[in-house]
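The primary structure of each chain is shown beneath.
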Amino acid sequence: MNKPLPNSIEARDVAYHLHSYTDARKHEEAGPLIVEKGEGIYVEDNNGKRYIEGMAGLWSVALGFGEQRLIDAATRQMQKLPYYHTFTHKGHGPSAELAEKLVNMAPVPMSKAYFTNSGSEANDTAIKLIWYRSNALGQPERKKIISRVKGYHGVTLAAASLTGLPNNHRSFDLPIEGVLHTTCPHYRTMKKEGESEQDFAKRCAVDLEELILKEGPETIAAFFAEPVMGAGGVIVPPDGYWEAVQPVLKKYDILFVADEVICGFGRTGNMFGTETYKLQPDIMTLSKQLSSSYMPVSALLVNEKVYGPVADESHKIGVWGHGYTGSGHPVGAAVALENLKIIEERDLISHVRDISPQFMKRLKQLGEQDMAVEARGIGLIGAVEFAHEKAPDVGAVGGRINRAMQERGLISRNMGDALAFCPPLIISEAQVNEMFDIAEAAVADVAKDLG
Ligand code: PMP
């Protein structure tokens, strides 16, 4: 990117805006890419250049950009009741309806929905519910939480602690006490010499059990995991992983929180990752595709095992002392309801299953190009990892490919040297081909550059 012109929107952005997940000093030099509008799977910058949004924004715009029914749902709700809260026995139609809808959609028995505004808040709230429950049950020592190396659960203090990535801890004085990380289930990088995928999966479960025993099972409250790891590099669990891990949790009566923030609402070819991997979570955290990110809304579903003691404790104290101004926001809830209606009406789950074979075929082909090390994915989420001896620093080759893709009109995201693909669920087969054609050309550009 060129240095921003004086008084341009780029220059004003540099002058006033601290960006998420950005090197702030580099931003002062490079400036932003200003995205102005979007339609379907495409977005357009303020110079009229069009890009395929290969990440659906942040793994989230299921219905693509410019879905009129979502805009109408928001407008109608804004006109009727633009805001009301859900504290102190108050409520409104959209939050009650969305709670009912989500509890009924859940693939395992759930009792209640609780609303938050982001994935991080949903996971933070899950931890608070879990701690509150332990106290309610007279088990105050049962507070430790286990998540996984390379897991991603958000960036608020507790959620960032759950996240198992160094950049979310370094210089933030995190993780907080009592959050522990177990083995990352990435077969290629974590397997031992000669170890089969099944054996590796079993070893992940053994590692988890050893950690539990070392810490004391009576001190472990919950295990948090994404069905498929997203921001850690799109890590699809090895064969037999969930079959091996879940019995360990059961054995020690440890609650299981499925972070469905990316997997939820169709991404893996079922409504939830919980169905794809036959999970039995006690809590599910939901966001992103819940509203196609048209409004910030997130939710937790909790089963009776969680709700019961929490309800009793709140009755004893006289209040469940938790809540956000935006919890159950009527506009967010109305948009989420319409979004879910569209996903069901258009049977987007079947669409994902229809498109996925071509998506996976092209992903694997990209994974056979120069510099590619591994392709992995499921449904409509995938990543291809690259390496080159002339760009050995972590993220060096990934960053180059990412820039080359953007140059050619495809927005992806490099997580280290893995390039992610997570397009809107509405993508067509022709558009899948268009996306991977650009990706292949960009990889060829970089391969040529590096020689
Ligand atoms: N959990 C998962 C699995 C996520 O991918 C994310 C966001 N990428 C979060 C939680 C955090 O969500 P938010 O950014 O809305 O706080």
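Residues numbered from 1 in each chain as written. Predicted model: local features only at pLDDT ≥ 70, side-chain atom pairs only at ≥ 80, totals over all residues.

The name that an unreviewed UniProt entry assigns to the chain is Aminotransferase, with the source organism given as Nitratireductor basaltis. If you open the UniProt record of the chain and go to Sequence similarities (unreviewed entry), you find "Belongs to the class-III pyridoxal-phosphate-dependent aminotransferase family." (UniProt positions renumbered as here; feature names shortened; annotations may be inferred.)

(A) Structural view of the sheet that holds strand 12 (residues 381–386). As summarised here, the arrangement of the four strands in space is 11-12-15-14, forming an open sheet in which the pairing is antiparallel. Looking at which strands have only one partner, the edges of the open sheet turn out to be strand 11 (372–378) and strand 14 (413–415). Neighbour-to-neighbour, the strand axes of the sheet open up by a mean angle of 25°, direction not taken into account. Of the strand pairs in this sheet, strand 14 and strand 15 (residues 418–421) are connected by three bridges, and their pairing is antiparallel. (Pairing = 2+ DSSP bridges. Helix = DSSP H or I, 4+ residues; strand = E, 2+ residues; numbered from the N terminus. Axes fitted to C-alpha atoms, helices over the stretch in contact; angles between N-to-C directions.)

(B) Here's a closer look at helix 5 (residues 93–105). In this model helix 5 runs 18 Å from its N-terminal to its C-terminal C-alpha over 13 residues, within 8% of the 18 Å that 1.5 Å per residue would give. Taken residue by residue, helix 5 has Pro94, Ser95, Leu98, Ala99 and Leu102 as its buried positions. Mapping the buried residues of helix 5 onto a view down its axis gives an arc of 130°, with all of them on the same face. Turned more than 90 degrees off the buried face of helix 5, the exposed positions are Glu100 and Asn104. Residues of helix 5 that are buried make contact with helix 4 (68–80), strand 4 (112–116), strand 10 (298–302) and helix 13 (330–345). (Expected span 1.5 Å × (residues − 1). Buried ≥ 20, exposed ≤ 12 C-beta atoms within 10 Å, placed from the backbone. Arc of directions from axis to C-beta. Contact = placed C-beta atoms within 7 Å.)

(C) Expanded view of the packing of helix 14 (residues 348–366) against helix 16 (residues 429–450). Packing of helix 14 against helix 16 leaves a shortest axis separation of 10 Å and a crossing angle of 10°. On the basis of the axis angle, helix 14 is roughly parallel to helix 16. Along the contact surface, helix 14 presents Ile355, Gln358, Phe359, Arg362 and Leu366, while helix 16 presents Glu429, Val432, Asn433, Phe436, Ala439, Glu440 and Val443. Residues of the contact of helix 14 with helix 16, tallied by class, amount to seven nonpolar, two polar and three charged. (Parallel < 35°, antiparallel > 145°, perpendicular 65-115°, else oblique. Nonpolar A, V, L, I, M, F, W, Y, C, P; charged D, E, K, R; others polar.)

(D) Molecular detail of the nonpolar core. Core analysis: the largest hydrophobic core is formed by 133 residues, its most contacted members being Ala299, Leu300 and Leu301. Each of domain 1 (33–66 + 347–450) and domain 2 (70–345) gives at least three residues to this core. In this view, Leu300 contacts Ala113, Tyr114, Thr116, Ala122, Thr125, Ala126, Ile283, Met284 and Thr285; residues no more than four positions away in its chain are not counted. (Core = buried A, V, L, I, M, F, W, Y, C linked by C-beta atoms within 7 Å. Domains from an automatic or database assignment.)

(E) Here's a closer look at the environment of Lys316. In this structure, Lys316 sits in helix 12 (residues 304–317). Given 8 C-beta atoms within a 10 Å radius, Lys316 is considered exposed. With 52 residues separating them along the chain, Lys316 and Gly264 place their C-alpha atoms 34 Å apart.

(F) Region of the structure containing the site of the ligand. Around the ligand lies a shell of 15 residues, among which Ser118, Gly119, Ser120, Gly154 and Val261 are the nearest. With three residues, helix 6 (residues 119–136) is the single largest residue contributor to the shell around the ligand. Class assignment for the residues of the shell around the ligand results in five nonpolar, eight polar and two charged. (Near = placed C-beta within 6 Å.)

(G) Summary view of the sheet that holds strand 7 (residues 220–225). Pairing within the open sheet is mixed, and its seven strands lie in the order 4-10-9-8-7-5-6. Of all the strands in the sheet, just strand 4 and strand 6 (179–182) have a single pairing partner and so form its edges. If you compare each strand with its neighbour and ignore which way they point, the axes differ by 20° on average. Here strand 7 runs beside strand 8 (residues 255–259); their pairing, made up of four bridges, is parallel. Pairing of Phe224 across the sheet is with Val257, part of strand 8. The sheet contacts of helix 6 involve strand 4, strand 5 (144–148), strand 7, strand 8, strand 9 (283–286) and strand 10, and relative to strand 10 the element is tilted by about 30°.

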